[in-house]
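Below, each chain spelled out in residue letters.
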Amino acid sequence: MAKVLIIGAVGQIGSELTVALRKKHGADNVVASTRKTEFPPEIRDGGPCEYFDVQDKEAVLSVMKKYGIEQVYQLASLLSATGEKNPDLAFSINLLGLKNTLDAARECGVDRFFWPSSIAAFGPTTPRENTPQRTVLEPTTMYGLTKVAGELLCQYYFRKYGLDVRSVRYPGLISWKAEPGGGTTDYAVAIYYEAILHGKYRCFVKPDTVLPMMYMPDAIRGTMQLMDAPAEKLTVRTSYNLAAMSFSAKELAEEVARHIPGFSCTYEPDFRQQIADSWPRSIDDSQARMDWGWRHEYDLAKMSKDMIANLKVKLGKE
Ligand code: SER
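No experiment lies behind these values; they were computed from the predicted model shown.

Observations regarding the side chain of arginine 22
Mapped onto the secondary structure, arginine 22 falls in helix 1 (residues 14-25). It is aspartate 28 that comes nearest to the buried, bridge-free arginine 22 among opposite-charge side chains, at 7.5 Å. From its side chain, arginine 22 meets the backbone oxygen of glycine 47 in a polar contact 3.4 Å long.

Focus: the pattern of salt bridges
Going through the model one piece at a time under the given rule, you end up with 17 salt bridges. In this structure, lysine 66 engages glutamate 50 in a salt bridge whose closest nitrogen and oxygen atoms are separated by 2.6 Å. With lysine 66 in helix 3 (residues 57-67) and glutamate 50 in strand 3 (residues 49-51), the pair connects residues that are 16 residues apart, well separated along the chain. Judged by its relative accessible area of 57%, lysine 66 falls in the exposed class. Glutamate 50 gets classed as buried once you look at its relative accessible area, which sits at 14%. With a closest N to O distance of 2.5 Å, arginine 237 and aspartate 164 form a salt bridge. Placement of arginine 237 in the loop between helix 8 (216-228) and strand 10 (240-241) and of aspartate 164 in the loop between helix 6 (142-161) and strand 6 (165-170) is noted, with a sequence separation of 73 residues between them. Linked by salt bridges that have partners in common, Arg112, Asp164, Arg166 and Arg237 make up one network.

Brief notes about the sheet that holds strand 10
Taking strand neighbours across the sheet as the criterion, the seven strands line up as 3-2-1-4-5-6-10 in an open arrangement whose pairing is parallel. Every interior strand has two partners, whereas the edge strands, strand 3 and strand 10, have only one. In this structure, strand 5 (residues 112-118) lies alongside strand 6, joined through six bridges in parallel fashion. Across the sheet, residue proline 116 finds its bridge partner in strand 6, namely valine 168. Running at roughly 150 degrees to strand 5, helix 6 makes contact with strand 5 and strand 6 of the sheet.

Some remarks on the packing of helix 3 against helix 5 (residues 87-108)
Look at helix 3 against helix 5: their axes get within 9 Å of each other, and the N-to-C directions meet at 35 degrees. The element helix 3 and its partner helix 5 pack so that their crossing is right-handed. Within the contact between the two elements, helix 3 uses Lys57, Val60, Leu61, Met64 and Lys65 and helix 5 uses Asn100, Thr101, Asp103, Ala104, Ala105, Glu107 and Cys108. Taken together, the residues of the contact of helix 3 with helix 5 break down into six nonpolar, two polar and four charged.

Calculation criteria
- Residues numbered from 1 in each chain as written.
- Predicted model: local features only at pLDDT ≥ 70, side-chain atom pairs only at ≥ 80, totals over all residues.
- Heavy atoms only, no water.
- Helix = DSSP H or I, 4+ residues; strand = E, 2+ residues; numbered from the N terminus.
- Buried < 20%, exposed > 50% of the residue type's maximum accessible area, 1.4 Å probe, protein only.
- Lys, Arg positive; Asp, Glu negative; His and termini not counted.
- Salt bridge = Lys/Arg side-chain N within 4 Å of Asp/Glu carboxyl O.
- Polar contact = N/O pair within 3.5 Å; in protein donor to acceptor, adjacent residues only side chain to side chain.
- Pairing = 2+ DSSP bridges.
- Contact = heavy atoms within 4.5 Å.
- Axes fitted to C-alpha atoms, helices over the stretch in contact; angles between N-to-C directions.
- Left-handed = near helix turned anticlockwise from the far one by under 90°.
- Nonpolar A, V, L, I, M, F, W, Y, C, P; charged D, E, K, R; others polar.

Quick look at the structure:
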(Lines give C-alpha, C1' and ligand atoms only; values in the text may rest on other atoms or scores of the structure.)
Protein backbone atom coordinates (compact mmCIF):
# COMPACT_ATOMS: atom_id res chain seq x y z
CA MET A 1 0.00 0.00 0.00
CA ALA A 2 1.25 3.46 -0.87
CA LYS A 3 -0.09 7.02 -0.83
CA VAL A 4 -0.72 7.74 -4.49
CA LEU A 5 -1.48 10.89 -6.47
CA ILE A 6 -2.94 10.66 -9.98
CA ILE A 7 -2.75 13.91 -11.93
CA GLY A 8 -5.08 13.92 -14.93
CA ALA A 9 -7.43 11.43 -13.26
CA VAL A 10 -10.43 12.04 -15.52
CA GLY A 11 -8.59 11.49 -18.80
CA GLN A 12 -8.76 8.36 -20.91
CA ILE A 13 -6.05 6.53 -18.94
CA GLY A 14 -6.54 8.26 -15.60
CA SER A 15 -10.18 7.39 -15.14
CA GLU A 16 -9.47 3.65 -15.39
CA LEU A 17 -6.12 3.74 -13.63
CA THR A 18 -7.64 5.58 -10.66
CA VAL A 19 -10.19 2.83 -10.12
CA ALA A 20 -7.54 0.10 -10.46
CA LEU A 21 -5.11 1.82 -8.09
CA ARG A 22 -7.83 2.43 -5.50
CA LYS A 23 -8.51 -1.31 -5.54
CA LYS A 24 -4.82 -2.04 -5.08
CA HIS A 25 -3.80 0.59 -2.51
CA GLY A 26 -7.13 1.22 -0.77
CA ALA A 27 -9.55 3.96 -1.82
CA ASP A 28 -8.44 6.45 0.85
CA ASN A 29 -4.82 6.20 -0.24
CA VAL A 30 -5.33 7.28 -3.84
CA VAL A 31 -5.89 10.98 -4.55
CA ALA A 32 -7.46 11.78 -7.94
CA SER A 33 -6.83 15.22 -9.38
CA THR A 34 -7.94 17.20 -12.40
CA ARG A 35 -7.66 20.73 -13.77
CA LYS A 36 -11.10 21.69 -14.95
CA THR A 37 -13.48 18.89 -15.79
CA GLU A 38 -15.99 17.59 -13.29
CA PHE A 39 -15.11 14.24 -11.77
CA PRO A 40 -17.29 11.35 -12.95
CA PRO A 41 -19.27 9.95 -9.97
CA GLU A 42 -17.25 6.73 -9.91
CA ILE A 43 -14.08 8.73 -9.17
CA ARG A 44 -15.64 11.54 -7.12
CA ASP A 45 -17.38 9.13 -4.76
CA GLY A 46 -14.58 6.56 -4.70
CA GLY A 47 -11.89 8.41 -2.70
CA PRO A 48 -10.11 11.73 -2.16
CA CYS A 49 -10.17 14.25 -5.03
CA GLU A 50 -8.41 17.57 -5.63
CA TYR A 51 -8.65 20.26 -8.29
CA PHE A 52 -5.42 21.92 -9.38
CA ASP A 53 -3.53 22.90 -12.49
CA VAL A 54 -0.26 21.10 -13.14
CA GLN A 55 1.11 24.40 -14.50
CA ASP A 56 0.91 25.75 -10.93
CA LYS A 57 3.91 24.25 -9.15
CA GLU A 58 2.91 25.47 -5.68
CA ALA A 59 -0.48 23.81 -6.03
CA VAL A 60 1.13 20.51 -7.06
CA LEU A 61 3.53 20.69 -4.13
CA SER A 62 0.90 21.54 -1.57
CA VAL A 63 -1.32 18.58 -2.54
CA MET A 64 1.67 16.21 -2.39
CA LYS A 65 2.54 17.51 1.07
CA LYS A 66 -1.06 17.48 2.30
CA TYR A 67 -1.40 13.74 1.65
CA GLY A 68 2.22 12.61 2.18
CA ILE A 69 2.31 11.27 -1.38
CA GLU A 70 4.71 8.36 -2.10
CA GLN A 71 3.83 7.54 -5.70
CA VAL A 72 2.86 9.93 -8.49
CA TYR A 73 1.17 9.23 -11.85
CA GLN A 74 1.49 12.40 -13.90
CA LEU A 75 -0.98 11.86 -16.77
CA ALA A 76 -2.12 15.44 -17.47
CA SER A 77 -1.55 16.12 -21.16
CA LEU A 78 -2.94 17.55 -24.36
CA LEU A 79 -2.95 14.89 -27.11
CA SER A 80 -1.48 15.18 -30.61
CA ALA A 81 -4.35 16.70 -32.60
CA THR A 82 -5.39 19.15 -29.86
CA GLY A 83 -1.74 20.02 -29.35
CA GLU A 84 -1.44 21.10 -32.99
CA LYS A 85 -4.37 23.48 -32.46
CA ASN A 86 -2.78 24.98 -29.34
CA PRO A 87 0.98 24.27 -29.32
CA ASP A 88 1.74 26.81 -26.56
CA LEU A 89 -0.70 25.21 -24.16
CA ALA A 90 0.54 21.73 -25.12
CA PHE A 91 4.11 22.78 -24.34
CA SER A 92 3.09 24.29 -21.03
CA ILE A 93 0.89 21.45 -19.75
CA ASN A 94 2.87 18.56 -21.18
CA LEU A 95 6.40 19.70 -20.49
CA LEU A 96 6.39 22.47 -17.88
CA GLY A 97 3.67 20.53 -16.07
CA LEU A 98 5.93 17.49 -16.03
CA LYS A 99 8.86 19.53 -14.72
CA ASN A 100 6.70 21.07 -11.97
CA THR A 101 5.59 17.62 -10.91
CA LEU A 102 9.08 16.14 -11.01
CA ASP A 103 10.38 19.04 -8.90
CA ALA A 104 7.55 18.72 -6.39
CA ALA A 105 8.14 14.94 -6.24
CA ARG A 106 11.83 15.47 -5.52
CA GLU A 107 11.05 17.96 -2.79
CA CYS A 108 8.57 15.57 -1.17
CA GLY A 109 10.85 12.53 -1.44
CA VAL A 110 8.40 10.60 -3.63
CA ASP A 111 9.39 6.90 -4.06
CA ARG A 112 8.09 6.24 -7.57
CA PHE A 113 6.92 8.41 -10.42
CA PHE A 114 5.07 7.39 -13.60
CA TRP A 115 4.77 9.47 -16.74
CA PRO A 116 3.38 8.35 -20.09
CA SER A 117 5.27 8.81 -23.33
CA SER A 118 3.86 7.75 -26.70
CA ILE A 119 4.52 6.46 -30.20
CA ALA A 120 4.27 10.18 -31.00
CA ALA A 121 7.87 10.52 -29.76
CA PHE A 122 8.85 8.98 -33.11
CA GLY A 123 8.76 10.82 -36.41
CA PRO A 124 9.10 10.42 -40.17
CA THR A 125 12.84 9.65 -39.97
CA THR A 126 12.29 6.76 -37.51
CA PRO A 127 12.25 3.21 -38.96
CA ARG A 128 8.50 2.54 -39.21
CA GLU A 129 8.41 -1.26 -38.99
CA ASN A 130 9.28 -2.92 -35.70
CA THR A 131 10.60 0.40 -34.40
CA PRO A 132 13.50 -0.27 -32.02
CA GLN A 133 13.71 0.86 -28.40
CA ARG A 134 16.66 3.12 -29.16
CA THR A 135 16.27 4.96 -32.47
CA VAL A 136 15.84 8.34 -34.18
CA LEU A 137 13.47 10.66 -32.29
CA GLU A 138 12.52 13.56 -34.56
CA PRO A 139 8.77 14.04 -34.13
CA THR A 140 6.93 16.73 -36.11
CA THR A 141 4.11 17.50 -33.63
CA MET A 142 4.33 19.65 -30.51
CA TYR A 143 2.89 16.69 -28.61
CA GLY A 144 5.72 14.47 -29.87
CA LEU A 145 8.29 17.11 -29.08
CA THR A 146 7.06 17.30 -25.47
CA LYS A 147 7.26 13.51 -25.26
CA VAL A 148 10.90 13.37 -26.42
CA ALA A 149 11.95 16.23 -24.14
CA GLY A 150 9.87 14.74 -21.31
CA GLU A 151 11.55 11.35 -21.68
CA LEU A 152 14.96 12.97 -21.43
CA LEU A 153 13.84 15.03 -18.45
CA CYS A 154 12.64 11.87 -16.68
CA GLN A 155 15.96 10.18 -17.31
CA TYR A 156 17.80 13.29 -16.12
CA TYR A 157 15.88 13.36 -12.82
CA PHE A 158 16.59 9.67 -12.34
CA ARG A 159 20.33 10.02 -12.97
CA LYS A 160 20.91 13.34 -11.24
CA TYR A 161 18.51 13.17 -8.31
CA GLY A 162 17.80 9.44 -8.00
CA LEU A 163 14.06 9.98 -8.53
CA ASP A 164 12.65 6.59 -9.55
CA VAL A 165 10.85 7.68 -12.72
CA ARG A 166 9.27 5.03 -14.95
CA SER A 167 7.62 5.46 -18.31
CA VAL A 168 6.16 3.66 -21.32
CA ARG A 169 5.55 4.79 -24.89
CA TYR A 170 1.88 3.88 -25.24
CA PRO A 171 0.51 3.01 -28.65
CA GLY A 172 -2.97 4.29 -29.56
CA LEU A 173 -5.22 3.32 -26.63
CA ILE A 174 -8.70 1.92 -27.16
CA SER A 175 -11.27 1.85 -24.38
CA TRP A 176 -15.01 1.93 -23.85
CA LYS A 177 -15.15 3.64 -20.44
CA ALA A 178 -13.73 7.13 -21.04
CA GLU A 179 -13.32 8.58 -24.51
CA PRO A 180 -9.98 9.96 -25.62
CA GLY A 181 -9.80 13.67 -26.32
CA GLY A 182 -8.04 15.05 -29.35
CA GLY A 183 -5.69 12.23 -30.35
CA THR A 184 -4.74 11.06 -33.84
CA THR A 185 -5.56 7.46 -32.93
CA ASP A 186 -9.09 8.39 -31.76
CA TYR A 187 -10.66 6.93 -34.95
CA ALA A 188 -9.97 3.48 -33.50
CA VAL A 189 -12.30 4.32 -30.61
CA ALA A 190 -14.89 6.45 -32.42
CA ILE A 191 -15.52 3.73 -35.00
CA TYR A 192 -17.01 1.44 -32.33
CA TYR A 193 -19.33 4.16 -30.97
CA GLU A 194 -20.53 5.18 -34.43
CA ALA A 195 -20.98 1.59 -35.58
CA ILE A 196 -23.23 0.82 -32.61
CA LEU A 197 -25.12 4.12 -32.67
CA HIS A 198 -25.44 4.77 -36.43
CA GLY A 199 -24.17 1.72 -38.33
CA LYS A 200 -21.62 3.82 -40.21
CA TYR A 201 -18.42 5.81 -39.63
CA ARG A 202 -16.51 8.48 -41.52
CA CYS A 203 -12.86 7.78 -40.76
CA PHE A 204 -10.33 10.65 -40.78
CA VAL A 205 -7.39 8.52 -41.96
CA LYS A 206 -6.99 6.47 -45.15
CA PRO A 207 -7.97 2.77 -45.14
CA ASP A 208 -4.36 1.59 -45.48
CA THR A 209 -3.17 3.58 -42.43
CA VAL A 210 -1.53 1.18 -39.99
CA LEU A 211 -0.73 2.21 -36.41
CA PRO A 212 0.22 0.33 -33.22
CA MET A 213 -2.74 0.04 -30.83
CA MET A 214 -3.55 -1.44 -27.41
CA TYR A 215 -6.71 -2.26 -25.48
CA MET A 216 -6.98 -0.33 -22.22
CA PRO A 217 -7.01 -3.36 -19.84
CA ASP A 218 -3.57 -4.30 -21.20
CA ALA A 219 -2.36 -0.70 -20.80
CA ILE A 220 -3.54 -0.51 -17.18
CA ARG A 221 -2.09 -3.90 -16.27
CA GLY A 222 1.22 -3.06 -17.96
CA THR A 223 1.48 0.29 -16.20
CA MET A 224 0.90 -1.26 -12.79
CA GLN A 225 3.34 -4.07 -13.58
CA LEU A 226 6.07 -1.58 -14.50
CA MET A 227 5.44 0.37 -11.29
CA ASP A 228 5.75 -2.84 -9.25
CA ALA A 229 8.95 -4.02 -10.97
CA PRO A 230 12.15 -4.04 -8.90
CA ALA A 231 14.20 -0.94 -9.78
CA GLU A 232 17.30 -2.98 -10.57
CA LYS A 233 15.46 -4.78 -13.41
CA LEU A 234 14.86 -1.56 -15.33
CA THR A 235 17.41 -0.72 -18.01
CA VAL A 236 15.43 2.07 -19.69
CA ARG A 237 14.84 5.34 -17.86
CA THR A 238 13.65 7.37 -20.82
CA SER A 239 10.57 5.34 -21.78
CA TYR A 240 9.88 1.71 -22.69
CA ASN A 241 8.44 0.77 -26.09
CA LEU A 242 5.15 -1.04 -25.46
CA ALA A 243 3.13 -2.91 -28.07
CA ALA A 244 0.15 -5.20 -28.47
CA MET A 245 -1.24 -5.12 -32.02
CA SER A 246 -1.07 -3.24 -35.32
CA PHE A 247 -3.85 -3.04 -37.89
CA SER A 248 -4.99 -0.83 -40.75
CA ALA A 249 -8.10 1.32 -40.54
CA LYS A 250 -9.66 -1.00 -43.15
CA GLU A 251 -8.89 -4.14 -41.11
CA LEU A 252 -10.46 -2.45 -38.10
CA ALA A 253 -13.60 -1.58 -40.07
CA GLU A 254 -13.84 -5.19 -41.33
CA GLU A 255 -13.55 -6.52 -37.79
CA VAL A 256 -16.26 -4.14 -36.57
CA ALA A 257 -18.50 -5.21 -39.49
CA ARG A 258 -18.27 -8.84 -38.29
CA HIS A 259 -20.14 -7.77 -35.17
CA ILE A 260 -22.41 -5.07 -36.60
CA PRO A 261 -24.05 -6.40 -39.79
CA GLY A 262 -24.46 -3.70 -42.45
CA PHE A 263 -21.79 -1.44 -40.92
CA SER A 264 -20.10 0.76 -43.50
CA CYS A 265 -16.99 2.91 -43.23
CA THR A 266 -15.98 5.78 -45.50
CA TYR A 267 -12.64 7.56 -45.48
CA GLU A 268 -12.05 11.31 -45.53
CA PRO A 269 -8.50 12.02 -44.39
CA ASP A 270 -7.87 15.37 -42.68
CA PHE A 271 -4.79 16.98 -41.05
CA ARG A 272 -4.44 13.97 -38.76
CA GLN A 273 -3.42 11.79 -41.71
CA GLN A 274 -0.06 13.51 -41.86
CA ILE A 275 0.48 12.92 -38.14
CA ALA A 276 -0.47 9.24 -38.50
CA ASP A 277 1.91 8.89 -41.45
CA SER A 278 4.79 10.17 -39.33
CA TRP A 279 4.35 7.46 -36.68
CA PRO A 280 5.54 3.81 -36.66
CA ARG A 281 3.41 0.99 -38.05
CA SER A 282 4.69 -1.53 -35.51
CA ILE A 283 6.84 -1.44 -32.39
CA ASP A 284 9.60 -3.66 -31.01
CA ASP A 285 8.89 -3.88 -27.30
CA SER A 286 11.26 -6.77 -26.52
CA GLN A 287 13.11 -4.73 -23.88
CA ALA A 288 9.93 -4.32 -21.81
CA ARG A 289 9.16 -8.02 -22.24
CA MET A 290 12.67 -8.93 -21.11
CA ASP A 291 13.16 -6.44 -18.27
CA TRP A 292 9.84 -6.57 -16.44
CA GLY A 293 7.86 -9.36 -18.08
CA TRP A 294 5.43 -7.34 -20.22
CA ARG A 295 2.89 -9.52 -22.12
CA HIS A 296 -0.18 -8.27 -23.93
CA GLU A 297 -3.44 -10.23 -23.86
CA TYR A 298 -5.70 -8.56 -26.41
CA ASP A 299 -5.50 -8.75 -30.21
CA LEU A 300 -7.95 -7.07 -32.60
CA ALA A 301 -10.53 -9.86 -32.50
CA LYS A 302 -10.53 -10.29 -28.69
CA MET A 303 -10.60 -6.53 -28.11
CA SER A 304 -13.45 -5.91 -30.57
CA LYS A 305 -15.62 -8.58 -28.97
CA ASP A 306 -15.16 -7.09 -25.50
CA MET A 307 -15.37 -3.48 -26.67
CA ILE A 308 -18.64 -3.99 -28.54
CA ALA A 309 -20.27 -6.02 -25.77
CA ASN A 310 -19.46 -3.34 -23.18
CA LEU A 311 -20.31 -0.37 -25.39
CA LYS A 312 -23.69 -1.84 -26.29
CA VAL A 313 -24.57 -1.93 -22.59
CA LYS A 314 -23.16 1.56 -21.99
CA LEU A 315 -25.06 3.04 -24.95
CA GLY A 316 -28.29 1.16 -24.17
CA LYS A 317 -28.19 -0.70 -27.49
CA GLU A 318 -28.25 -4.33 -26.36
N1 SER B 1 -3.09 8.40 -28.83
C2 SER B 1 -2.23 9.55 -28.85
C3 SER B 1 -2.64 10.52 -29.90
O4 SER B 1 -3.21 10.08 -30.87
C5 SER B 1 -0.82 9.13 -29.10
O6 SER B 1 -0.15 9.11 -27.91
O7 SER B 1 -2.37 11.65 -29.77
